[in-house]
Amino acid sequence: MNKIALYPGSFDPITKGHLNIIKRASHLFDNLIVEEVLKAEKIDAKVKVFDGLLVDFIKNEKIDILLRGLRAVSDYEYELQFTLTNETLAKSEFETIFLSASREYLYLSSSLVKEIAINGGELDKFVPECIEGIITRKINESKKQMIG
Ligand code: ADP
């Protein structure tokens, strides 16, 4: 049976940790939908952007599996809250599955990446190459707006 999985997130910005989960999941499910960004990496996944409630998107797109990534224990509480709330709001049947982060990306978060970028640090260990320029450009633009 064709199983459709969704990996939702704000991916602001997408990191190598997110990509690692996406790559691994693309081998597990028949169809994988990722919310926002991606493309340059040759991964078999569709990218969709949506507003509104996640449970509406899940119903409309006939999603079977909601996929999330778990880093340390600190992620667990938020992820459980996220899962149970979406289960309560659910308008169709789906199952939530967690993939544990790979050892090398256990510490990696989008907010840290932003912090490093704002302070002029190197990003190549944390985000895919095609994303580096986009982050730097966005930060320069917001710095200009703050000055102007
Ligand atoms: P949100 O904005 O919904 O918190 P994110 O875009 O930050 O989501 O992340 C999407 C999902 O990826 C979440 O389940 C998050 O726990 C997971 N995730 C974030 N960073 C990593 C990482 N380095 N390794 C594995 N999973 C991660």
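For the structure itself, consult the block above.
This section reports on the structure supplied with the text.

Time to look at the site of the ligand. The environment of the ligand is formed by 16 residues, the closest being Tyr-7, Ser-10, Phe-11, Gly-69 and Tyr-105. Breaking the shell around the ligand down by element, the ones donating at least two residues are helix 1 (16-26), strand 4 (65-70) and helix 3 (73-89). Per-element accounting of the shell around the ligand gives the leading share, three residues, to helix 1. Residue composition of the shell around the ligand, grouped by class: seven nonpolar, five polar and four charged.

A separate point is the sheet that holds strand 4. As summarised here, the arrangement of the five strands in space is 3-2-1-4-5, forming an open sheet in which the pairing is parallel. Each having just a single partner strand, strand 3 (46-48) and strand 5 (95-100) make up the two edges of the open sheet. Each adjacent strand pair in this sheet contributes to an overall mean axis angle of 30 degrees, direction not counted. Sheet topology places strand 4 next to strand 5; six bridges connect them, and they run parallel. Residue Leu-66 lies in a different strand from strand 5, and its bridge partner there is Thr-96.

Reading the values: the criteria
- Sequence positions are assigned chain by chain, starting from 1 and proceeding in written order.
- Confidence filtering applies because this is a predicted model: local features only for residues at pLDDT of at least 70, side-chain atom pairs given and counted only at 80 or more, and all residues used for totals across whole chains, interfaces and linings.
- Side-chain calculation: all heavy atoms of the structure are included, whereas hydrogens and water are not.
- Residues are counted as near a molecule or strand when any one of their heavy atoms sits within 4 Å of it.
- For the purposes of this entry, the term helix denotes a DSSP run of H or I that reaches at least four residues, the term strand denotes a run of E that reaches at least two, and both are numbered from the N terminus.
- The classification used treats Ala, Val, Leu, Ile, Met, Phe, Trp, Tyr, Cys and Pro as nonpolar, Asp, Glu, Lys and Arg as charged, and all other residues, Gly among them, as polar.
- Strand pairing requires that DSSP identify at least two bridges connecting the strands.
- In this description, a line fitted to the C-alpha atoms serves as the axis of each element, helices being fitted only across the stretch in contact, and the angle between N-to-C directions of two axes falls anywhere from 0 to 180 degrees.

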